[in-house]
Structures are given as C-alpha cells and as structure tokens.
Amino acid sequence: MAKRKVDTENRGFQTRWESEYMFTKVAGKPVCLLCGESVAVLKEYNLRRHYETKHADKNKNMDMEQRLQKAEELKRGLKSRQALFKKAKSQGQAAVKASFILAEEIAKSARPFTEGDFIKNCMIKVCDEVCPEKRQLFLNVSLSRNTIAERVDQLSINLKEQLVKKGKDFIAYSLAVDESTDISDIAQLSIFIRGVDSNLSVTEEFLALRPMHGTTTGHDLYEEVSRCVNEMELPWEKLVGLTTDGALAMCGHRSGLVAKIREKMQEENATGELTAYHCIIHQEALCGKALKMEHVMSIITRTVNFIRAKGLNHRQFKAFLTELETEHGDLPYHTEVRWLSQGKVLQRCFELREEICLFLDSKGKDTTQLRDEMFLCEMAFLCDITSHLNAINLQLQGRDRVISDMYSTVKAFKTKLTLWETQMRKENLSHFPSCQTMKEKLSTSAFPSTQLADKIGMLAADFRRRFADFEAQKSRLELLGNPFAVDVESSPPNLQMELIDLQCNDALRAKYAAVGAAEFARFLPGTMPQLRIQAAQTLSMFGSTYLCEQLFSLMNLNKTSHRSRLTAEHLHSILRISSAQSLTPNIDELVEKMGHHQVSPSTSNK
C-alpha cells in the first residue's frame, strides 16, 4: 500500500479550533496562541493533544464566549508582534541596502573606504535638522571602513558571477590585453573580454587586473591570461581574437603571449584560427612619428617649458597676454603620454607665435629660430597634420566600437592622406588652414609645398605598413560592414549561398539601411547560420586596447600616493565596479543573501 502524503489529503484549518484549542494558522502551519509552538501535521488530533497536554489547566474554567475573546486577544497580540518584526526586518534590510548603494558610489568615484564615515556624519547632521525622529534609522546604516570594503568585495563578486553566467552563452569572444605600472612600481596586466551570444548581443566587460610581481615575459603574461580564461570557464575553441599593445612580450613570434595562446588552442584542438591585432590607436599614434619633425617639437617644448616651468615667468606671460588682449590667456603643457596634448600645444603656440617672441625678447632670449620662416612653415604644417591625426584618434576611442567601423575610419584617413599629398604638391592648402595663413604672410621665400607633400607621403606609407594586418582581414571586416556590397564569387564557399539569399532580400536590405552595420547582424535570420557565426566572430573582436588604457587611468585615480597600500583584491573589486558597462550589481539579491542580518547602532559607529 502506498504511503499517504499529507499535502494530498486537502486538510484545512477549521475556525472553531481557535477557541477550542487556542491555535491559529500562520504561513500554512498551525501555531499555538499560548506558547507559540507549531504543529507539523495539520490534524485535529495533534492540536487537541498539544492543548490538553500543555494548556488544559489554564483555561478549564472559561466558557466558550470567554475562550473566543481570549483567542481574539491573543491573535491581535500575535499580529502586532509580527508587524513589529516585519518592520524591524524591513528597516534592517533597508539599512543594509543603503550601505551597498553607498559603497558602490564610493567605488565609482575613486574615494577611499574611510569616506563612508564622513558620509554618515553628514547624513546624521542633515537628519537632525530635517527629520530628527528618523535618526535611529540613519544610525543603523553601517558605513565603517571595514563594512564599505566588505560591501565593495561583495558587489564585485556579484558582477563576476553575472559575467560567468553570460559567458556560458557566448558563441565567440575576444580579449584585449595591455600592461602598465602602478604608483608602487608593480606591473599590472589589464584584461577585457568582448563576447557575443547566440542572439548576437555584445557584452564588453572588465575581466581581470593581475599584478605581476616578478618578470613580465610572454610566458608570465600567458599564465595570467590562461588562469583568467579558465576561472571564467570560457572554452578556448570560442576565442576568436586577441588585441594587444604590440609589445615584444605580447607579440613575440616564439615566446610572446599571442604565440603561447595559439599553442594552447592547438592543444585544446580548437578549429578556429586566432586573429591577433596591434591596437589601432597605438598604431595611429606611432604613425605620427613617421613625420620626423622632432626638431620642431623640441623647440616648441623648450619654449613652453621656459614659460610654464617657473612661476614668475608664467605669471608675467599671462599678464603680458592680458595687456595685449589676446584671444588666449595661457599656454598648455605638452605631455608625451597624452597623445592629444601635442595638438593643443602646437595650435596655441602657432596662434600666439608673435606674442611669445615679444615676451622672450623682453626676457633677453634668442628668438631667431622662432622667427625663421621655414621653421614657422614647418610648425604650421605640424599643427595642421597633428590636428587631423587627433581627429582620427578621437574617432577611434570609446566603448562598444565595432572593429569594422574602426577599419573604415582608418581606410578613409589613408584616402585623405593621398588627396592631401596631391593637393599639397599643387599648393592647394584647403585642408591646412595654418599653412594657408603662413603662405599668405611669407615675405621672400616660397612655401615649401614639395617638402611637406613628401612628409604626407611618408605618413601614408607608414599607415599602409602598420595596418597591413587589417588589410589581410579586409574581406571579413567588409562582410560585416556592408554584406550587400560583398562579391559573392570571392567569398568563402560556405557563405556564398547565404550571401546570395541575403543580397536578394529587399526587406533585409531595407533593415540594413535603417539600423546600420553594427545592429543589422542581429536581424540575420536563423536560416543563415554561417553568416550569423561570421558576424558574431567579427563583432566580438577588439579594435584597440582603449578600455585597458581607460582602466589604467581609473587605477591611477584609486591607487595614489595616499592609498599606495591598497590591496590587489580591493583594487580589483573597485575597478570591476567602476568599469562595469552592461552589468549592474544585483543589490536586492545581495541583501536577500544577508538574511535577517540587522546592523546595530554600536557596530555602525565603529
């Protein structure tokens, strides 16, 4: 005979049991109103036995009406206690949630963990003036240094768990890797992931920041990247691309990071080929050095340093510009690390060239070089070409950049260089306003258009050389950029039939025109699986290590000389929170995990 199950017998609580046995129903279970004990099985026999065994003597002299009144009175007391408990629980959860929210804001704003105590003091002072009756609620919010540190770690773990969960759905992913040194001279390896799921939705997030306390060889870098990939449970066969800063330890043919990862993929029997790129923005910045105009920049840098390095000179120069009522009131500094600063310095120096010479004359400095017409022409050219390089640099920066769009930007710039070279030889200076200004002001010598055109030619040649690896991937990039213009016959055989179907579909062509290349991939139908896989692989690729560079800026904001002892674990947690893009910490879930934890005032005031 099968064993009976209580939940299949449809046993229900009867109202008369409240007065007869002093029981009520709470959360589906019978609970004694006299002692608070619950009975496991909802049967009248069990309730009666409990009452007669423990409470029969207490109410034996009561009649039925008195028993009803007693039961109602006990029920009201129970409900009051439950409401009080719920309120206390709700207030406790609100205090915990508030501490999580503030910890997230502290991490995002690069504030030290001790800032929580300052915030709490401010909150209490505001509360005393606005709502003094709520003071205890604010006191219950723990914002001590240890609490903030713990909350930050919990938020980071939650974000990592979300990323691991998303990673299980990736059909293709790529990595961006870069290395820099923090204020404590510890090498830090930054790793970002860009993954694409079966819906062709892109997730671009921080993967890890690994401190390198010893050497930073290709093998060392590989060990850290490999450990990261394995911790995230990412399959090696779905790794499509690797973008680095181009250092030897990254790109060495035999022992570099790229070579080591390719060996690992072969060991894992991965069928796909790893595509390795040198960061487009790095490449573009390096191309600028092909102009070989350091002699011009060195003179300008010396001049700026003379004016800016000494406080007296700087103050006098600013006062001098004010007297002359110039458009600009100062000169900016030039920093080699900041690529865009050179253009700003050049532009300002060119516009203030006459005022700078007058000021230097008043200081007894030789201004022969600064007044030389050939030097001024070269400075004007460097000012204009740097402005164009800065423009493309800004176009290449930013999050969620699709590599095919970045390739198109570089391709367009190479075409512009060809046009500018031709125009410069004809002394057509339409796109070089500073050069045009100098040409109009030349007294005797002719404008050196031929020499400057040769400089543009050298720059164009360097662009072609440095971006040769992108040219090798031209067909793949154009397939995502504009699949309707791709030559079917020259495409891989496994894509040809689907490409024909795509190019002959007017509805999809209209959708492409409406949403653009990056979004269009998501509208590829399931009947085109090969095109979807190809699109996913290209969408997953990083064109630059911009996110790594941005992370290093965040790292330097957090790990300063005042916080140089910030632990690697806490730094990692802070950076995961502050760099999160498509992921947000699930604070409600974290509060729920904390259970019935309620922070006492004594704890919060530590």
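Structural data are supplied above this passage.
So, here's what we can say about the structure. (Residues numbered from 1 in each chain as written. Predicted model: local features only at pLDDT ≥ 70, side-chain atom pairs only at ≥ 80, totals over all residues. Heavy atoms only, no water.)

**A closer look at the environment of leucine 159**
What counts here: Each helix is a run of DSSP H or I of at least 4 residues and each strand a run of E of at least 2, with the numbering of both proceeding from the N terminus.
Along the chain, leucine 159 falls in helix 6 (residues 145–167). Put simply, leucine 159 and asparagine 586 are 427 residues apart on the chain and 8.0 Å apart in space, counted from C-alpha to C-alpha.

**Comments concerning empty space enclosed by the protein**
Here is the rule: As defined here, a cavity is a set of points on a 1 Å grid over the protein atoms alone where a 1.4 Å probe fits but cannot get out. A pocket is an open set with protein on both sides within 12 Å along at least five of seven lines, and residues line them when an atom is within 4 Å of a point. Grid points are joined across faces, edges and corners, and a volume is the space filled by probe spheres set on the points. Gly counts as polar in this scheme, as do all residues outside two lists: the nonpolar Ala, Val, Leu, Ile, Met, Phe, Trp, Tyr, Cys and Pro, and the charged Asp, Glu, Lys and Arg.
Applying the stated criterion to the full structure yields 4 cavities of 30 Å³ or more. Size it by volume and the largest cavity reaches roughly 130 Å³. In terms of lining residues, the largest cavity is bounded by 13 residues, among which Leu479, Leu480, Pro483, Leu524 and Ala535 are the most central. Breaking the lining of the largest cavity down by element, the ones donating at least two residues are helix 21 (474–481), helix 24 (517–520) and helix 25 (529–539). Here the lining of the largest cavity takes 4 residues from helix 25, the largest share from any one element. Here the residues of the lining of the largest cavity are counted per class, giving 10 nonpolar, 2 polar and 1 charged.

**Some thoughts on the sheet that holds strand 5 (residues 202–212)**
Put simply, the test is: Note: two strands are recorded as paired if DSSP finds a minimum of 2 bridges between them. A fitted line through C-alpha atoms represents every axis, and for helices the fit uses only the stretch in contact; the resulting angles, taken between N-to-C directions, go from 0 to 180 degrees. Note on contacts: a residue pair qualifies if any of its non-hydrogen atoms lie within 4.5 Å across the two residues.
On the basis of which strands lie adjacent, the open sheet formed by 5 strands has the order 5-4-3-6-7 and mixed pairing. Looking at strand neighbours, the two that pair on one side only are strand 5 and strand 7 (275–278), the edges of this open sheet. Across this sheet, the average inter-strand angle for adjacent strands is 20 degrees, counted without regard to direction. Against the sheet, helix 27 (residues 568–579) engages strand 4 (187–197) and strand 5, with an angle of about 160 degrees to strand 5.

**Points about the pairing of strand 5**
We apply this condition: Three labels apply to residues, based on accessible area from a 1.4 Å probe with only protein chains included: buried if under 20% of the type maximum, exposed if over 50%, partly exposed otherwise in between.
Of all 11 residues that make up strand 5, 9 are buried, and the element is covered over most of its length. Two elements, strand 4 and strand 5, share 10 bridges in a ladder whose sense is antiparallel. Counted as the bridge partner of valine 196 is valine 202 from strand 5. Here strand 4 hands over to strand 5 after 4 residues, with leucine 200 in that stretch at a positive phi of 60 degrees.

**What about helix 21?**
As a reminder of what qualifies: An arc is given here, and it is the one of the directions from the helix axis to the C-beta atoms.
Buried residues of helix 21: Arg476, Leu477, Leu479 and Leu480, and no others. Angularly, the buried residues of helix 21 cover 155 degrees about the axis, an arc narrow enough to put them on a single face.

**Quick look at the packing of helix 6 against helix 27**
Operational definition: Here is the rule for angles: anything less than 35 degrees is roughly parallel, anything more than 145 is roughly antiparallel, 65 through 115 is roughly perpendicular, and the remaining ranges are oblique. By the definition used in this description, the sense in which the near helix is turned from the far one sets the handedness, with an anticlockwise turn below a right angle giving left-handed and a clockwise turn giving right-handed.
Helix 27 packs onto helix 6 with a crossing angle of 60 degrees between their chain directions and a minimal axis gap of 9 Å. Taken together, the axes of helix 6 and helix 27 lie oblique to each other. Note that helix 6 runs across helix 27; the crossing there is left-handed. Within the contact between the two elements, helix 6 uses Ala149, Val152, Asp153, Leu155, Ser156, Leu159, Lys160 and Leu163 and helix 27 uses Glu569, His570, Ser573, Ile574, Arg576 and Ile577. Its residues assigned to classes, the contact of helix 6 with helix 27 comprises 7 nonpolar, 3 polar and 4 charged.

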